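Residues per chain are reported as follows:
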Amino acid sequence: MRDEPSLTPDVPGSNRTGRFRFWLAEQRWEWSDEVATLHGYAPGTVTPTTELLLAHKHPDDRAEVADTLAQVVSTGLPFSSHHRLVDTTGAVRHVLVVGDQMRDATGTVIGTEGFYIDVTDTVDEERRDTIEEAVPEIVAARALIEQAKGALMTVYGISAEQAFRVLRWRSQETNTKLRDLSEALMPAVTELGGADTPTRARFDHLLLTVHERDGTAAGHRP
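In every chain, residue numbers begin from 1 and rise along the written sequence. Local features in this predicted model are restricted to residues whose pLDDT is 70 or higher, and side-chain atom pairs enter the listing and the counts only when it is 80 or higher, whereas totals over whole chains, interfaces and linings include all residues. In computing side-chain values, all of the structure's heavy atoms are included and hydrogens and water are not.

Draft legend 1. Here's a closer look at the pattern of salt bridges. Put simply, a salt bridge is a Lys or Arg side-chain nitrogen that is within 4 Å of an Asp or Glu carboxyl oxygen. Applying the stated rule across the entire model yields seven salt bridges. Residue Arg84 is joined to Asp61 by a salt bridge in which the shortest nitrogen-to-oxygen separation is 2.9 Å. Here Asp61 lies in the loop between α2 (50–55) and α3 (62–75) and Arg84 lies in strand β3 (residues 79–86), a separation of 23 residues in the sequence. Categorising residues by exposure relies on relative accessible area from a 1.4 Å probe, with only protein chains included: less than 20% of the type maximum marks a residue as buried, more than 50% marks it as exposed, and the intermediate range marks it as partly exposed. Residue classification places Arg84 among the partly exposed positions, given a relative accessible area of 23%. Two residues, Glu161 and Arg165, come together in a salt bridge whose shortest N-O distance is 2.6 Å. One end of the pair, Glu161, and the other, Arg165, are both in helix α6 (residues 160–174), four residues apart, so they sit about a helical turn from each other. The structure contains a network of salt bridges with shared partners spanning Arg21, Glu30 and Glu113. Only DSSP runs of H or I reaching four residues or more are called helices, and only runs of E reaching two or more are called strands; each is numbered from the N terminus.

Draft legend 2. Here's a closer look at the sheet that holds β3. With respect to topology, five strands assemble into an open sheet ordered β2-β1-β5-β4-β3, the strand pairing being antiparallel. Sheet topology places β2 (28–31) and β3 at the edges, where each strand pairs with a single neighbour. Going from strand to strand, the sheet's axes swing by 25° on average, the running direction of each strand aside. When DSSP locates at least two bridges between a pair of strands, those strands are taken to pair. The pairing of strand β1 (residues 17–23) with strand β5 (residues 109–118) spans seven bridges and is classified as antiparallel. Counted as the bridge partner of Arg19 is Phe115 from β5. Every residue pair with non-hydrogen atoms within 4.5 Å of one another is taken to be in contact. Only the stretch in contact is used when fitting a helix axis, every axis being a line fitted to C-alpha atoms; angles between N-to-C directions are given from 0 to 180 degrees. Running over the sheet, α3 touches β1, β2, β3 and β5 and is turned about 145° from β3.

Encoded structure:
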C-alpha cells in the first residue's frame, strides 16, 4: 500500500475546500475536517458513510449523485459532480466534488480520492479562480476517455460499458494510463481518414433521416 497523504486541503481557499477518500472494497469513507464542517458537523464527531452522504444531498439531486456513486464503484473512473447538499442546520450549499482514482503500490485501483469545493457564491472571482485551477486536469481526462469510448462504440457497434472494458483491457495490457491511451487514440483515429465509402453512405442516410424515427420528430413527441 502506498503512503497515504494527509487529508489537509492543498487547494487554494482552504476554508471552502476539503478532501475525501473512499475505499471500494471496504465501502469506507474518510472526510477531512473541512468536509465534515461543510456538512454541519464538528470535526471528529461523525463517521461518514454512503447512507449519511446521500442523506445530506438535496432531494432533487440525490438520485443523480447516487447514480454517480454507483458508476464510481462499478468502474473506478474519475468523476466530477456539481450538486447541492443540505447541512445539519438545513442550509443549502452548492458544491463541486471531484474524484480521481486511488491506487495501491501495484497500480490497482482501490478507491477514489478528491475534494469538495463550496461554490455557493459562484459570482465571487476568487471562487472561480479556485475552480479553474483545481478542476481542469481531471475533467479533461474524463472528456478524453469519453471521446475514446465514443470512437469504439461507433466503429465496433458496442455499448458504452463494453467500450470502456476494451479501453481498460488495453490500458492494463500495455501498462498505460487510461487518459494517456485515450489521448493517443483520438488523433490516430482522425489519421485513419474516416470510414469507408459504404459506411459513410449509410451514416449520411442516417444523419439525414434520423429525425423521422419514432419518438424523434416533433410530431412523435409525447
